[in-house]
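Breakdown of the fold
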Amino acid sequence: MPFQSVLGHDGALKQIKTALSSGRMPPGFLFYGPGGVGKLLAARETARALMCEDAAARGSGDSCGRCRNCIQIENRVHPDVTVVNFEFQENLLDKEMQEISIDSIREVLKAAQRTCALRGWKVIIADSADKLSDSAQNAVLKLLEEPPEGTLWILVTGAPSKLRPTILSRCRAVHFAPLPDEAVAEILVQRGMAFDEAQSLSAMSGGSLASAQFIKELAEKTSGFDPLDPLYAFRVAASLPKTAMEARPAAGAIIELLARSLSARWQAETRPRTRGEMKLVLEQLLVYRRYINLNVSPHTTLEAALLETGKFHLSVFPHSSRV
Ligand SMILES: [Zn+2]
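Keep in mind that this is a model prediction, so the values were computed, not measured.

When helices and strands are tallied, the protein chain shows 15 helices and five strands. A total of 323 residues make up the protein chain; the buried ones form 47% of that total. Sequence separation of 24 or more characterises 69% of the internal contacts of the protein chain that already satisfy a separation of 6 or more. Of the roughly 16400 Å² of accessible surface on the protein chain, a fraction of 51% belongs to carbon and sulfur atoms. The positive charge centre, built from 38 side chains, and the negative charge centre, built from 36, are 3 Å apart in the protein chain.

It is worth spelling out the side chain of Thr151 at this point. If you trace the backbone, Thr151 turns up in strand E4 (residues 151-157). Excluding anything up to four places from it in sequence, Thr151 contacts Pro27, Trp121, Lys122 and Ile124.

Grouped burial of nonpolar side chains is what soluble globular proteins tend to show. The biggest cluster of nonpolar side chains holds 70 residues, and the ones touching the most others in it are Phe31, Val123, Ile154 and Leu302. Sorting elements by how many residues they give to this core places helix H13 (residues 244-268) first, with nine residues. Residues lining this core come from more than one domain, with at least three contributed by each of domain 1 (2-175) and domain 2 (181-312). Those residues within four positions of Ile154 in sequence are excluded, and the remaining contacts are Phe29, Phe31, Ala43, Thr46, Val123, Ile124, Ile125 and Ala126. Judged by nonpolar contacts, the second largest core, of 22 residues, contains Val108, Ala126, Leu141 and Leu163.

Looking now at the coordination of the zinc ion. Within the protein, Cys52 (SG), Cys64 (SG), Cys67 (SG) and Cys70 (SG) serve as the donor atoms for the zinc ion, at 2.3 Å. Of note, the donors binding the zinc ion are all from one chain and are spaced C-x11-C-x2-C-x2-C.

Quick look at the environment of Glu146 now. One can find Glu146 in the loop between helix H7 (134-145) and E4. Put simply, Glu146 and Leu30 are 116 residues apart on the chain and 17 Å apart in space, counted from C-alpha to C-alpha.

As a further point, take the layout of surface pockets. In this structure, the second largest pocket encloses a volume near 380 Å³. Looking at the lining of the second largest pocket, the elements that each hand over two or more residues are strand E2 (81-84), helix H5 (86-93) and helix H6 (102-113). When its residues are assigned to classes, the lining of the second largest pocket shows eight nonpolar, four polar and four charged.

What follows covers a negative patch on the surface. Residues Glu87, Glu90, Asp94 and Glu96 make up a contiguous surface patch of negative charge. The residue Asp94 is located in the loop between H5 and H6 in this model. Take Asp94: its relative accessible area is 70%, and that puts it in the exposed class.

Here the focus is the pairing of E2. Across the two faces of E2 the burial is the same, with Val81 and Val83 and Thr82 and Val84 all buried. In this structure, E2 lies alongside strand E3 (residues 122-127), joined through four bridges in parallel fashion. Paired with Val84 across the two strands is Ala126, which belongs to E3.

It is worth spelling out the packing of aromatic side chains at this point. Counting across every chain of the model gives three aromatic pairs. On the numbers, 5.6 Å between centres and 45° between planes, the contact of Phe29 with Phe31 is tilted. Take Phe29 and Phe31: they sit in the same class, and that class is buried. Ring geometry for Phe31 and Phe176: centres 5.2 Å apart, planes at 50°, overall tilted. Pair noted here: Phe31 is in strand E1 (residues 28-32) and Phe176 is in the loop between strand E5 (171-175) and helix H9 (181-190), with a separation of 145 residues, a long-range link. Accessibility assignment for this pair places Phe31 and Phe176 in one class, buried. One aromatic cluster in this structure is built from Phe29, Phe31 and Phe176. The residue whose ring lies beneath Arg275 is Trp266, and the NZ or CZ to ring-centre distance is 4.5 Å.

Rules and cut-offs
- Residues numbered from 1 in each chain as written.
- Predicted model: local features only at pLDDT ≥ 70, side-chain atom pairs only at ≥ 80, totals over all residues.
- Heavy atoms only, no water.
- Helix = DSSP H or I, 4+ residues; strand = E, 2+ residues; numbered from the N terminus.
- Buried < 20%, exposed > 50% of the residue type's maximum accessible area, 1.4 Å probe, protein only.
- Contact = heavy atoms within 4.5 Å.
- Areas by Shrake-Rupley, 256 points an atom, 1.4 Å probe, with all protein chains shown as cover.
- Lys, Arg positive; Asp, Glu negative; His and termini not counted.
- Charge placed at Lys NZ, Arg CZ, Asp CG, Glu CD.
- Core = buried A, V, L, I, M, F, W, Y, C linked by side-chain atoms within 4.5 Å.
- Domains from an automatic or database assignment.
- Donors = N, O, S within 2.8 Å, 3.2 Å for Na, K, Ca; no water.
- 1 Å grid on protein atoms, 1.4 Å probe; cavity = no way out; pocket = protein on both sides within 12 Å on 5 of 7 lines; lining within 4 Å.
- Points joined across faces, edges and corners; volume = space filled by probe spheres on them.
- Nonpolar A, V, L, I, M, F, W, Y, C, P; charged D, E, K, R; others polar.
- Patch = residues over 30% accessible without salt bridge, like charges linked within 9 Å, V, L, I, M, F, W, Y side chains within 5 Å.
- Salt bridge = Lys/Arg side-chain N within 4 Å of Asp/Glu carboxyl O.
- Pairing = 2+ DSSP bridges.
- Phe/Tyr/Trp six-rings, centres within 6.5 Å; stacked < 30°, edge-to-face > 60°.
- Lys NZ or Arg CZ within 6 Å of the ring centre and 35° of its normal.

Dropping the structure here:
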């Protein structure tokens with residue numbers, strides 16, 4: 001059954017399927033948890049399980065994956081399932097914005113008022129729901145308070161605290177935890193990656209497919225850089241995404257990798273003086289790791305961490321030949 005495609009979230013899926021099979025849907029779900037673990041996929045599967053034309057599949061809280069509704073949702077062309085996100089907004093308003101505006105929500109509602117297709121449900125998935133502007137949150141709240149018949153909202157977010165408490169209280173919260181490493185590896189293999197490479201990446205991913213993908217890209221980008229190059233720290237930091245928001249988790253992951261790599265060296269080191277030096281640097285890395293989550297530049301913090309570890313000539317990706 002199609003919910004099976006959502007790996008590593010048995011508890012969350014059980015909660016969703018119970019609501020679906022009971023026939024008593026809340027006006028909204030809140031799918032929250034770290035990025036890149038499958039929340040959006042689960043949201044689409046929830047829409048399928050709600051709108052599937054196969055009554056037996058629906059009764060079990062799942063979908064058949066084969067009927068017209070299931071296929072249209074999978075192909076992202078179903079008229080009654082809309083994903084509101086920055087991509088949707090850019091296509092609609094033809095400009096880049098920092099928030100998801102009230103105009104995008106209005107457009108979705110207009111579409112939702114048009115005649116609906118087969119089973120009468122409309123599902124609106126707000127991806128990155130924490131980016132909804134104040135007025136957009138107001139509009140969503142109103143709809144959750146007086147839900148139009150047959151409309152389900154699914155708010156997907158990595159930062160639920162940025163949503164109003166009144167919105168949160170109207171939604172059924174479903175937590176998506178970081179994926180187990182084996183699930184990340186399994187999904188990477190399903191996507192065509194070699195087993196060894198998937199294993200190695202999943203161990204560095206912190207349970208996020210998005211991180212695994214990012215680490216792979218970064219490893220490829222930095223594979224030509226030499227840790228002995230005096231500009232190594234600056235070159236690696238310059239490969240981070242440009243915005244602080246995107247660069248933050250990436251810089252955190254790299255500092256984590258540096259700490260692991262140095263820790264392995266420290267354990268194997270026998271000279272007391274070098275061991276002492278390594279320990280000091282390791283402690284400093286922990287401080288930088290904490291800085292990353294504060295309001296400091298992730299680029300500068302990563303540079304500092306790489307300069308600090310420079311004397312040990314650590315490569316960011318100790319397994320980069322396998323990655
Ligand atoms: Zn179906």
